[in-house]
Amino acid sequence: MIPVAANDVAFSAHAVLLTAISLFQIVICDRVSQKISKIAYGILLVTWTTAAACFFVALHNHHWLWLISIFSGIQICMTVIKYIPQAVMNFMRKSIEGWSIVNILLDFSGSIANYAQMAMQSIDQHS
């Protein structure tokens, strides 16, 4: 059985809540002439289709750990995708003005802590 600690549940609930708040702000805020690109819609479609297909495969075969690893891979891809446009723009402008590295450092440190936790649990369970 895979142990689920209270801090894992709290972290996930916190992430979902903050993402929901961000999405709510996107919906209610005036975007003037900005709109979602076709590439973004394509990425969204592929991501949700992959996640749904994998969910139904895991539901049928009860391979929940496999599903979690797929979701983890999706999360890594989304993190890379969300930072590439900013990195390209910064490179083209030769400036990082108006861009905060704090969010990237938080993502990076959270990922390192997540992997450290998984390693410690694996060592503790001799697996």
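Note: the structure precedes this text.
What you see is a predicted model; the values in this text were computed from it and never measured.

Rules of the game
- Residues numbered from 1 in each chain as written.
- Predicted model: local features only at pLDDT ≥ 70, side-chain atom pairs only at ≥ 80, totals over all residues.
- Heavy atoms only, no water.
- Helix = DSSP H or I, 4+ residues; strand = E, 2+ residues; numbered from the N terminus.
- Buried < 20%, exposed > 50% of the residue type's maximum accessible area, 1.4 Å probe, protein only.
- Patch = residues over 30% accessible without salt bridge, like charges linked within 9 Å, V, L, I, M, F, W, Y side chains within 5 Å.
- Areas by Shrake-Rupley, 256 points an atom, 1.4 Å probe, with all protein chains shown as cover.
- Salt bridge = Lys/Arg side-chain N within 4 Å of Asp/Glu carboxyl O.

Got a minute to help me understand unusual backbone geometry in this structure?
Trans peptide bonds make up most of the peptide bonds, and negative phi angles are found at most residues other than glycine. Of note in the backbone geometry, His 62 takes a positive phi value of approximately 60 degrees without being a glycine. Structurally, His 62 can be placed in the loop between helix 2 (38-61) and helix 3 (64-93). In this structure His 62 comes out as exposed when scored by relative accessible area, which is 58%. Within the chain, Lys 94 stands out as a residue other than glycine whose phi angle is a positive 55 degrees.

What should I look at first to understand a nonpolar patch on the surface in this one?
There is a patch of nonpolar side chains on the surface, built from Ile 76, Val 80, Ile 84, Val 88, Phe 91, Met 92, Tyr 115 and Met 118 and spanning about 810 Å² of accessible area. With six residues, helix 3 is the single largest residue contributor to the nonpolar patch. Counting through the fold element by element, Val 80 comes out in helix 3. Judged by its relative accessible area of 44%, Val 80 is partly exposed.

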